[in-house]
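The primary structure of each chain is shown beneath.
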Amino acid sequence: MANVTDLQTKYSKLAQEYSKLRAQNQVLKKAVVDEQANSASLKEQLKQRDQSLRKQEQEMDSLSFRNQQLAKRVELLQEELAASEAKGKKGKSKGDSPSQLGLQTQSVFDEDLQKKIEENERLHIQFYEADEQHRRQEAELRERLDVLGKDAEQHQTVVDGLTTKYVETIERLQSDKARLEVKAQILEREAKECRMRTEECQQQLKRSQSELNRQVKQSSSVIQEKVPFNDTKFSDYNSLNVPSHNRRHQLKARDVSGQALGFIQDLVAALLNFHSYTEQRVHIYPLDSSIEPISPLNQKFSQYLHENAAYVRPLEDSFLQLHQSITEDTVTALETVVKLKSFTDNFSSYTHFLQKILPYQLKSLEEECEAPLCTAALSANNRELQGDIKRVTSVFEKLQNYMNLLALPSVRQDAMPQSSTSAVFTQLAACLHSLHDAIKEMSKHYNQKGSIEQELPTVTQKLCTTTECLLGSLGSLTSSSGKIATFFSNNLDFFTSPGYSPRGSTVALNPLQAENMLANKKKAAAYISAVKKARPQSVPYRDALSNRRILTSSTESREGLTQQVQQSQEKIARLEQEKEHWLLEAQLGKVRLEKENQRIADLEAQLSAALGGSPNSQTAGAGTLAQSHEEAETEPKATGKEATLCTSLVGMLCTTPSVEHVGDEESREQLIKTHYMARVGELTTQLQISDSKAVHFHSECRALAKRLTIAEKSRETLSEEVKLAHQNITRLQDELATTKRSYEDQLSMMSDHLCSMNETLSKQREEIDTLKLGSKGNAKKNKGR
């Protein structure tokens, strides 16, 4: 029980960790999706900033070129101004007209220079504003890069925490694995011991089988000679050799048909999905019916595929009727199962349907090969698929033939002997395995076809989803066909074994014998029910056994308790005798002590009276005192000489026949009588108490026996629960291994994604650095210009 509680606690902890990790995985998925969206938006922003940066660089280049032109123009103007000033100085001696002309030209040059200076200031302001905007954008991008780096570090810490948790779980699972290996070694040793025992048992079994075979041969010879009813002239009378109703065979047949019904339902669902998705694919590829009309051949093919439910659904319905016809009160054999014929007919109609759509499937694949974008690999795959489809259709035809052979005995008597039936079942099992292999090959080639089609440039999302659904239906079809093949192979012994056969013959059962068998069964059931009603209801065998165990245990415990009570009563009686003896001795001692005290008091009174008289009286008193002392000394001697022994149940008592002791004996008898009366009352009360205790012990023993039976039942139920718990533990360990593998795959994918994101971030940083260097180089060039 401790192991079970530990396993339950471990399972609860694992479930909690699994839920936590699942929640964390969802959070990480959301974070990865958000980061992908953020990275995409950042890429778009970076592209926009690059474009704006290029535009600004072009503007800067144009402005710097314009600035250089203006600077050269200003230099030329300054040179002309200097030249004009020099000319003005030289020509002062000349008239006023040349000076006025120089002043006018100088004012024109000043205005032009002032305009150029204002334009240069405006250009410098624009350049400064563009530079400031570029710096702000660069700072914002750096802040965004820092935030993204922090987010990447946080994700890395989360991934590290998850890896540590997984490492801890792996270590714990490894320790569990080591413990289980130790248990496996112990179990191996036990298995070796069991093998030795099984070898001994096999030897004993061989000896017993040889003995039983001898007895079976002897009894079979007797049965063949005397028991069966064989009429060589009228074979119809041989139906009197009715076999007995085999309830175990009926329950097994019911169970097997129920399992087969579940597999048939899975197969029908897979076939329906396969035909439906094939119809959808025909409407999509190689031509999309929503854009342009498809070929007439594909239209006819889709029309036939649309009718697949009319051929597939009756398989499930007819097999359900077959399963419902097999009950505990029927006779299940190939000769009596009439519903098998309807299932066979429906299967034949479905096989005819497959034969009808086979040429259209082949033509559709050829049309796909003739498409302009069809590659050589795709056309080779289509040719392989054509071979697979032909193989699957031929296997279905073989299955139809074998099932028609199995359905013949229910229609026509003496259609097939037992040996032929076994051969047909064996061939049917082999045919089911070949069907599973053919469907598996077809699914593999369809997977290759889907992977090749995804690489085509004209593939659409609708075609991809339809192909995925088609591959899923093929996977379910493969698994259901494999389950049916293994199920049929595992139950092949049951199918080939004759469940019912007439006594003393190897001929198969006919419907008349089955009717007689059921009639006999009903008569026997009615007779047994009548006998049960006539007789009083008996106790079930298990209850009788449990009651017998309780009775034997209670009687044994009662005998032991009675022996203990007897021993204790004998001991108590012996102790009571000793007690009574000593009580009587004590009472007699008290009586003697009182008498002696009285005599001493009398003697002291006589002595005092004598001392108060004459000296003669004193001497007489002394003489009498001496005489009394002599009498007192001689009295015990006399009593010792004349004493008699009185024995009774209580004990021994020593008495003397003196005159003084006559009253003592009467008082002693009265005391003994009162004591015995009190003792009898005490013994009766003790006897009543012991009887009540015995009854109580008896009831307790019965209760303990009942509790023991209940404990045994609970132990059996707990053992079954422990077995179920072990099965659940193994299943959970498998699930844990699968989830572990899936999480490891997800972690590897996330780590790869993070690595790719880090690479993209590093590339973006390098691009930003190159852009910065380029902008710095352009700025230096502008300054150099």
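Small disclaimer: the values here were computed from a predicted structure and weren't measured. (Residues numbered from 1 in each chain as written. Predicted model: local features only at pLDDT ≥ 70, side-chain atom pairs only at ≥ 80, totals over all residues. Heavy atoms only, no water.)

1. Side note on the overall build of the protein chain
- Scanning the protein chain from terminus to terminus reveals 14 helices and two strands.
- Counting across all 785 residues of the protein chain, residues that qualify as buried make up 26%.
- Taking as baseline every contact in the protein chain between residues at least 6 positions apart, the subset at least 24 positions apart corresponds to 84%. (Helix = DSSP H or I, 4+ residues; strand = E, 2+ residues; numbered from the N terminus. Buried < 20%, exposed > 50% of the residue type's maximum accessible area, 1.4 Å probe, protein only. Contact = heavy atoms within 4.5 Å.)

2. Some points on the side chain of Thr 478
- Checked against the element boundaries, Thr 478 lands in helix H9 (residues 461-490).
- If we skip the residues at most four places from it in the chain, Thr 478 touches His 436, Ile 439, Lys 440 and Ser 443.

3. Quick notes on the packing of helix H5 (residues 309-325) against helix H6 (residues 339-369)
- Contact pair H5 / H6: the axes reach a minimum separation of 8 Å and the direction vectors enclose 165°. Here H6 runs roughly antiparallel to H5, going by the angle between their axes. Crossing hand, H5 versus H6: left-handed. Contacts from Tyr 311, Val 312, Pro 314, Leu 315, Ser 318, Phe 319, Gln 321, Leu 322 and Ser 325 in H5 reach Lys 339, Leu 340, Ser 342, Phe 343, Asn 346, Phe 347, Ser 349, Tyr 350, Phe 353 and Lys 356 in H6. (Axes fitted to C-alpha atoms, helices over the stretch in contact; angles between N-to-C directions. Parallel < 35°, antiparallel > 145°, perpendicular 65-115°, else oblique. Left-handed = near helix turned anticlockwise from the far one by under 90°.)

4. Quick word on the packing of aromatic side chains
- Under the definition given, this model contains 12 aromatic pairs.
- Here the aromatic rings of Tyr 311 and Phe 353 are separated by 4.7 Å at their centres, their planes lie at 20°, and the arrangement is stacked. Taken together, the residues Tyr 311 in helix H5 and Phe 353 in helix H6 connect sequence positions 42 residues apart.
- Ring geometry for Phe 488 versus Phe 495: centroids 4.8 Å apart, planes at 25°, classification stacked.
- Phe 495 sits in the partly exposed class, given a relative accessible area of 21%.
- Among the aromatic side chains, those forming a connected cluster through ring pairs are Tyr 311, Phe 319, Phe 343, Phe 347, Tyr 350, Phe 353 and Phe 396.
- The aromatic ring of Tyr 304 is capped on one face by Lys 356, whose charged end is 4.7 Å from the ring centroid. (Phe/Tyr/Trp six-rings, centres within 6.5 Å; stacked < 30°, edge-to-face > 60°. Lys NZ or Arg CZ within 6 Å of the ring centre and 35° of its normal.)

5. Observations regarding helix H4 (residues 296-306)
- Residues of H4 that are buried: Asn 298, Phe 301, Ser 302, Tyr 304 and Leu 305. Projected down its long axis, H4 carries its buried residues within an arc of 160°, all on one side. In H4, the exposed positions angled more than 90 degrees off the buried face are occupied by Pro 296 and His 306.
- On its buried side, H4 packs onto helix H3 (247-284) and H6. (Arc of directions from axis to C-beta.)

6. Some remarks on the pattern of salt bridges
- Under the definition given, this model contains 16 salt bridges.
- Taking the shortest distance from any N to any O, the salt bridge between Arg 281 and Glu 368 comes out at 3.9 Å. You can see Arg 281 sitting in helix H3 and its partner Glu 368 sitting in helix H6, a full 87 residues away along the chain. Here Arg 281 and Glu 368 have matching classes, each one buried.
- In this structure, Glu 735 and Arg 731 form a salt bridge, with 3.0 Å as the shortest nitrogen-oxygen distance. (Salt bridge = Lys/Arg side-chain N within 4 Å of Asp/Glu carboxyl O.)

7. Notes on the packing of H3 against H9
- Closest axis-to-axis distance for the H3/H9 pair is 8 Å, and the angle between their directions is 155°. Judged on the interaxial angle alone, H9 and H3 are roughly antiparallel. In the packing of H3 onto H9, the handedness of the crossing is left-handed.
- The residue makeup of the contact of H3 with H9, split by class, is 16 nonpolar, nine polar and four charged. (Nonpolar A, V, L, I, M, F, W, Y, C, P; charged D, E, K, R; others polar.)

8. Re the environment of Cys 369
- Along the chain, Cys 369 turns up in helix H6.
- In this structure the C-alpha to C-alpha distance between Cys 369 and Asn 382, which are 13 residues apart in sequence, comes to 7.2 Å.
- Cys 369 has contacts with Cys 374, Ser 379 and Asn 382, leaving out every residue within four places of it along the chain.

9. A closer look at a negative patch on the surface
- Together, Glu 712, Glu 716, Glu 720 and Glu 721 make up a region of like negative charge exposed at the surface.
- Structurally, Glu 721 can be placed in helix H14 (residues 662-784). (Patch = residues over 30% accessible without salt bridge, like charges linked within 9 Å, V, L, I, M, F, W, Y side chains within 5 Å. Areas by Shrake-Rupley, 256 points an atom, 1.4 Å probe, with all protein chains shown as cover. Lys, Arg positive; Asp, Glu negative; His and termini not counted. Charge placed at Lys NZ, Arg CZ, Asp CG, Glu CD.)

10. A look at the environment of Leu 708
- For Leu 708, the location among the structural elements is in helix H14.
- In the structure, Leu 708 is positioned 158 residues away from Ile 550 in sequence and 9.4 Å away in space, judged by C-alpha atoms.

11. A closer look at the nonpolar core
- Among the nonpolar cores identified, the biggest contains 61 residues, and Leu 340, Tyr 350 and Met 442 are the most heavily contacted of them.
- Sequence-distant contacts of Met 442, that is, excluding residues within four places in its chain, are made with Phe 274, Leu 385, Asp 388, Ile 389, Val 392 and Leu 474. (Core = buried A, V, L, I, M, F, W, Y, C linked by side-chain atoms within 4.5 Å.)

12. Examining the environment of Ser 443
- The residue Ser 443 is located in helix H8 (residues 418-454) in this model.
- Overall, Ser 443 belongs to the buried group, its relative accessible area being 10%.
- Distance in space between the C-alpha atoms of Ser 443 and Leu 471 is 6.9 Å, their sequence separation being 28 residues.
- If we ignore the near neighbours within four places in the chain, the residues touching Ser 443 are Leu 471, Leu 474, Gly 475 and Thr 478.

13. Focus: the confidence of the model for the protein chain
- Looking at the protein chain as a whole, its pLDDT mean stands at 76, while 78% of the residues score no less than 70.
- Mean pLDDT across the elements of the protein chain ranges from a minimum in helix H13 (residues 615-642), with 42, to a maximum in H9, with 89.
- Long-range and interchain partners of residues 227-240, a stretch whose pLDDT sits below 50, account for 19 contacts in this model, where long-range means more than four residues apart.
- Note that residues 503-507 has pLDDT below 50 and, in this model, eight contacts with residues that lie over four places away or in other chains. (pLDDT = per-residue confidence, 0-100.)

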